[in-house]
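Examining the three-dimensional arrangement
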Amino acid sequence: MRPAPPALHEHARAVLHDQPAHRQELFDLRLDRWWQDLDDALTAVYGDRAAALERTLIGLAATAFADRDDDLHRLDLQRTLDPGWFQDESMLGYACYTERFAGDLGALVGKIDYLRELGVTYLHLMPLLQPREGDSDGGYAVADYRRVRSDLGTMDDLRTLAGELRAAGISLVMDLVLNHVAAEHAWAQAARAGDPAYRDYFYIYPDRTEPDRFERTLPEVFPDFAPGSFSHSADLDGWVWTTFNTWQWDVNWANPAVFAEYADIILFLANQGVQVLRLDAIAFVWKRLGTNCQNQPEVHAITQALRALARIACPAVLFKAEAIVSPPDLVHYLGQGAHHGKVSAIAYPNSLLVQIWSMLAAGDATLAAHALRAIPPVPTSTTWVTYARCHDDIGWAIDGADAAAVGLNGFEHQRFLSDWYSGVFPGSPARGLVFQENPETGDRRISGSAASLVGLDAADSPAELDLVVGRLYLAHAIIMGWGGIPVIWMGDEIAMSSDPDWASEPGHESDNRWAHRPRMDWDRAAQRHDLSTVPGRVFAGLRHLMTTRASLPHLEASVAAELPALSDPGVLPVLRRHPLGPLLELFNVTGGWRAFPGHRLAEFGLIGARDALSGVQIFPGPDGNVWLHPYGVLWLVRD
């Protein structure tokens, strides 16, 4: 480990001259500890421009460190002493839009008791920062990174909320869009005004020559309403890179000034009390001709440098990579090779979400087991965020090779899933909506709340409602049993249906993802203690799963999930090996009774094991099998 050059220490001390001696010493120690990670990463990206950038960054870090509140300094020390805090089996996440959950940031303070009742320790508030007016891609077209949306409150309100959450044991998570800004952002306005420094913050081309060369290998993200990846701007007298929408301008991370801008934004948000930053669209931030301009090596070096800087100034802050990519690419966002353990601490295993819905539709775990086994190991200092639904649509990321390996045609299986969840397939109870259908590729993604996708809207008998409750319980049991941080999407805990009036709000009419972003139904939530209702049954089930999960050290995130061989295609087994003994989870993904052989339990030393969820000891029956009821779940441990 190389210590930081003396000149950087002197630069930092000049900024920290009025800080107590122990604070100055602490900053010096952190600078020496993390400078090599910072320097290696910046040099890999910026070459001989790295040294000047480092001086700027250390000045920013020292300023942020000096401005940090005392209770945040204390939190930094706590997190340094317990670096695996986010891997604990007691972690439970909740994700929502502030305005749709509570109204505004001030009103959300009054909902903290509800979150605590559910067991939440990690609250992800969807885009909070000031977006452009009108359509803003759900808030991901940011016009000002230092202002909270005016309808939600102020930055002071955010600081207050963060403090109240912190006191309640809940970590605040928010989005930071790194790939692009709104066309109305101050940087973009300066570029349009002709400022050459700010024009270099973006990718601007005088004609279509370079854009056309890039387009040969670039996929379209929103082919329906934003085809292509470049947009003409008369004000710029050129073509600007716009991966997502014409009013979302991709920023040029090859410019060190852009890195410094985002570093300062991260430090600013950290000092508001944000504990986890979701790095939105992180896979797209580096462009290389002849590629799909995703997952380039520089992405991981940039993230390492940002993480090292945060470790120097505000080590309580973690990064979460929003990279919806294939498993071999995804593991790099948690650190592989030279970046091992040095980049994001958390990432989304999108393949788990896809396979949960695939299993529920097909009633078969064969493909899921094969695909999930293909996820490479990740650093033990990192973890996954697991989820059954999120704010986005579900894209059927079924790998053709995985499908072929279990005797399926990948394209046909994707088509089946789209048919099933849009309710087109005969006998399907699902009532989802097709999102972004591409007639050329046949790709159809799906929108809809979890309850609507498992058949709540079509259920018209007590028996069908039992199956709906069972499917919701199963899906959440899988995410809670996989390890990492399970996150519940707002409303799923009370089985809220998709919003039938999703298109009535201005700016939403062309984006049916708003169907699964309804406003919280607090009248429905009031039924959560009534076990004669669906909301009461679902809430109680999820609360029980969470309470049980928190009692099992086997579910600490550093313990890897294994997938033993299937004995029945309808039963997914998940094994977690802990020094206390194994935890074997069995998930019946079908609507019928399914068996798991007793001799398999014997292999794991689990004959007579306790089902942690029911407290009952489990023995094989006269036929030598353990039977699981429709959508049944067993979590088997030795006492």
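Reading the values: the criteria
Residues numbered from 1 in each chain as written. Predicted model: local features only at pLDDT ≥ 70, side-chain atom pairs only at ≥ 80, totals over all residues. Heavy atoms only, no water. Helix = DSSP H or I, 4+ residues; strand = E, 2+ residues; numbered from the N terminus. Rg over C-alpha atoms; globule rule 2.2 N^0.38 Å. Buried < 20%, exposed > 50% of the residue type's maximum accessible area, 1.4 Å probe, protein only. Contact = heavy atoms within 4.5 Å. Areas by Shrake-Rupley, 256 points an atom, 1.4 Å probe, with all protein chains shown as cover. Lys, Arg positive; Asp, Glu negative; His and termini not counted. Charge placed at Lys NZ, Arg CZ, Asp CG, Glu CD. Core = buried A, V, L, I, M, F, W, Y, C linked by side-chain atoms within 4.5 Å. Pairing = 2+ DSSP bridges. Axes fitted to C-alpha atoms, helices over the stretch in contact; angles between N-to-C directions. Bend = angle between axes of the 7 residues up to and from the residue. Salt bridge = Lys/Arg side-chain N within 4 Å of Asp/Glu carboxyl O. Parallel < 35°, antiparallel > 145°, perpendicular 65-115°, else oblique. Left-handed = near helix turned anticlockwise from the far one by under 90°. Nonpolar A, V, L, I, M, F, W, Y, C, P; charged D, E, K, R; others polar. Phe/Tyr/Trp six-rings, centres within 6.5 Å; stacked < 30°, edge-to-face > 60°. Lys NZ or Arg CZ within 6 Å of the ring centre and 35° of its normal.

Along the backbone of the chain there are 23 helices and 24 strands. A globule of 639 residues ought to have a C-alpha radius of gyration of about 26 Å, and the chain, at 25 Å, matches this closely. Buried positions account for 61% of the 639 residues belonging to the chain. Expressed as a percentage of contacts within the chain between residues at least 6 apart in sequence, the contacts between residues at least 24 apart total 72%. Roughly 23200 Å² of accessible area belongs to the chain as shown, and the carbon and sulfur atoms make up 52% of that amount. One finds the centroid of the 52 positive side-chain charges in the chain at a distance of 4 Å from the centroid of its 81 negative side-chain charges.

Time to look at the nonpolar core. Counting 204 residues, the largest nonpolar core has Tyr94, Phe202, Trp253, Phe259, Tyr421 and Trp635 as the members making the most contacts within it. In this structure, Tyr421 is in contact with Trp357, Leu360, Ala361, Trp396, Ala430, Arg431, Gly432, Ile446 and Leu453, ignoring residues within four places of it in sequence. In terms of nonpolar packing, the next biggest core, distinct from the first, is built from 14 residues, Val571, Val626, Leu628 and Leu636 among them.

What holds strands together in a sheet is hydrogen bonding between their backbones, with the strands either parallel or antiparallel. Taken together, 8 strands build a closed barrel; the order of strands is 1-2-5-11-12-13-14-17 and the barrel is parallel. Strand direction decides the pairing type here: strand 1 (residues 93–96) and strand 2 (residues 122–125), joined by 4 bridges, are parallel. Each bridged residue has a counterpart across the sheet, and for Ala95 the counterpart in strand 2 is His124. The sheet strands contacting helix 20 (residues 462–481) are strand 14 (383–387) and strand 17 (485–489), and the helix crosses strand 17 at an angle near 150 degrees.

Here we come to the sheet that holds strand 20 (residues 581–588). Ordered in space as 18-19-20-24-22, the 5 strands form an open sheet in which the pairing is antiparallel. Strands at the two margins of the open sheet, each flanked by one partner only, are strand 18 (561–562) and strand 22 (610–611). Pairing of strand 19 (residues 571–578) with strand 20, which is carried by 8 bridges, proceeds in the antiparallel orientation. Its bridge partner lying in strand 20, Arg576 is registered against Leu583. Along the sheet face, helix 20 touches strand 19, strand 20 and strand 24 (633–637) and points at about 30 degrees away from the line of strand 24.

Turning our eyes to something else, we now look at the side chain of Ser351. Positionally, Ser351 belongs in helix 15 (residues 350–362). Ser351 sits in the buried class, given a relative accessible area of 15%. With residues near it in sequence (within four places) discarded, Ser351 still touches Pro327, Leu372 and Ile375.

Maximum bend of helix 2 (residues 21–46): about 45 degrees, positioned at Trp34. Backbone geometry just after helix 2 places Gly47 at a positive phi near 60 degrees.

What follows concerns the pattern of salt bridges. All told, the structure shown has 34 salt bridges when counted by the stated rule. Across the pair Arg513 and Asp392 runs a salt bridge whose closest N-O atoms are separated by 2.8 Å. Linking Arg513 in the loop between strand 17 and helix 21 (522–525) with Asp392 in the loop between strand 14 and helix 17 (400–405), this pair joins segments that are 121 residues apart in sequence. Using a relative accessible area of 21% as the deciding quantity, one classes Asp392 as partly exposed.

Axis separation between helix 12 (residues 256–270) and helix 13 (residues 297–313) bottoms out at 11 Å; the angle between their running directions is 40 degrees. Classed by the angle they form, the pair helix 12 and helix 13 counts as oblique. Where helix 12 crosses over helix 13, the handedness of that crossing is right-handed. Taken together, the residues of helix 13 that come into contact with helix 12 (itself represented by Phe259, Ala263, Ile266 and Leu267) are Ile302, Ala305, Leu306, Leu309 and Ala313. Residues that form the contact of helix 12 with helix 13 fall into these classes: 9 nonpolar, no polar and no charged.

Relative orientation of the contacting elements helix 15 and helix 20 amounts to 150 degrees, with a least axis distance of 11 Å. The orientation of helix 15 relative to helix 20 falls into the category roughly antiparallel. For the crossing formed where helix 15 meets helix 20, the hand is right-handed. Mapping the contact onto sequence places Leu352, Ile356, Met359 and Leu360 in helix 15 and Arg471, Leu474, Ala475, Ile478 and Ile479 in helix 20.

Let's shift gears to unusual backbone geometry. The backbone of Ala495 sits at a positive phi, close to 55 degrees, despite the residue not being glycine. Assignment of secondary structure puts Ala495 in the loop between strand 17 and helix 21. You can call Ala495 buried: its relative accessible area is 1%. Unusually for a residue other than glycine, Tyr631 sits at a positive phi of about 55 degrees. Note that Tyr631 resides in the loop between strand 23 (625–628) and strand 24.

On to the packing of aromatic side chains, then. Enumeration over the complete set of coordinates arrives at 31 aromatic pairs. Relative to Phe284, the ring of Phe244 lies with its centre 5.1 Å away and its plane at 65 degrees, an arrangement referred to as edge-to-face. Pair noted here: Phe244 is in the loop between strand 9 (238–241) and strand 10 (248–250) and Phe284 is in the loop between strand 11 (276–280) and helix 13, with a separation of 40 residues, a long-range link. Of the two residues, Phe244 and Phe284, neither departs from the other in class, the shared state being buried. Residue placement shows Arg33 over the ring face of Trp34; its charged tip is 3.9 Å from the ring centre.

In short, shape yes, function no, at least from these values alone.
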